[in-house]
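Fold and geometry: a report
This is what each chain is made of:
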Amino acid sequence: MSLQRLQDKHALITGANGGIGLAVTEAFLKEGAVCTAIDLAAEPSAELKALMHNFSRLQYHSLNVVDTAAVKALVTQANQRLGTINVLFNNAAIFDMAPLLESNEAMYDKIFAVNVKGMFFVMQAVLQGLVEAGQTGSIINLASQAGRRGEGLVSHYCASKAAVISYTQSAALAMAPHGIRVNGISPGVIDTPMWGHVDGLFAKYEGLQPGEKKIAVGKAVPLGRMGVPQDIAGAAVFLASDESAYITAQTLNVDGGNVMS
């Protein structure tokens, strides 16, 4: 049962068309938020369309987070249309991998453009709107357990998510005088459609059968299973709500015990 913990809040969710972003959008709506959902696709997914049918408080916009001018314009328009965005779930990201000596500049540029540049300038645009409006708010950046360590095949992705954690800390300190909280969530292995792509890459580079890596990483989690998007959505609602009013500059591990900190 919803407690309406996000009543009267305007939330922006990036990467909202599926997986974690979709689950967080649904959770925010059920808690009373007005939601602006964005993704790269020209049209919302079937699942997001179903949410739009059930919740008049949800609007969808196509946006490439790498386009900083478009990001600024969309945030300005959303602030004017639905009130100042005071919750951000900064989720849009991509994944790729290759052996370190085979990894090329194009892969590096693409991963950092979305996972770091896009993340930072979406956050900056939302923060600018909050400061100008004299309002408080909660920023939630999606990191990863990969940002807590290195991996031989996943160097660029790991580094990009480490950057998310670092930017979260810096932004939290910069925004604390304004009463704006900035935190992160560091998921472990989460069973989303992206994992089909990830599993295929591990099969290619580690000589595994399709599905073998996914089964292995699930079994290796101390709680004995992969996470599901709703596991992240629960943490996101907590960090977005006033229940976490004294929490900032933290990146919460939601990973079944994979990382202890």
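Above this text you will find the structure in question.
First things first, this report covers the structure right here in the doc. Just so it is clear, the structure is predicted and the values come from calculations on it, not from any experiment.

Notes on the overall build of the protein chain
Helix and strand counts for the protein chain stand at 8 helices and 7 strands. In terms of its C-alpha atoms, the protein chain occupies a principal-axis envelope of roughly 55 × 40 × 40 Å. Residue burial in the protein chain is summarised as follows: out of 261 residues, 52% are buried. In the protein chain, the share of contacts with a sequence separation of at least 24, taken over all contacts with a separation of at least 6, comes to 71%. Each charge class in the protein chain can be summarised by its mean position, and for the 18 positive and 21 negative side chains these summaries are 3 Å apart.

Quick notes on the packing of aromatic side chains
Under the definition given, this model contains 4 aromatic pairs. Here the aromatic rings of Phe95 and Tyr157 are separated by 4.9 Å at their centres, their planes lie at 70°, and the arrangement is edge-to-face. Taken together, the residues Phe95 in the loop between strand E4 (87-90) and helix H4 (105-133) and Tyr157 in helix H5 (residues 155-175) connect sequence positions 62 residues apart. The same class applies to Phe95 as to Tyr157, namely buried. For the ring pair Tyr108 and Phe112, a centre distance of 4.6 Å and an interplane angle of 20° mean the geometry is stacked. A residue pair is termed a helical-turn pair when its members lie 3 or 4 positions apart in one helix, as Tyr108 and Phe112 do in helix H4 at 4 residues. With a relative accessible area of 38%, Tyr108 lands in the partly exposed category.

Cut-offs used in this document
- Residues numbered from 1 in each chain as written.
- Predicted model: local features only at pLDDT ≥ 70, side-chain atom pairs only at ≥ 80, totals over all residues.
- Heavy atoms only, no water.
- Helix = DSSP H or I, 4+ residues; strand = E, 2+ residues; numbered from the N terminus.
- Buried < 20%, exposed > 50% of the residue type's maximum accessible area, 1.4 Å probe, protein only.
- Contact = heavy atoms within 4.5 Å.
- Lys, Arg positive; Asp, Glu negative; His and termini not counted.
- Charge placed at Lys NZ, Arg CZ, Asp CG, Glu CD.
- Phe/Tyr/Trp six-rings, centres within 6.5 Å; stacked < 30°, edge-to-face > 60°.

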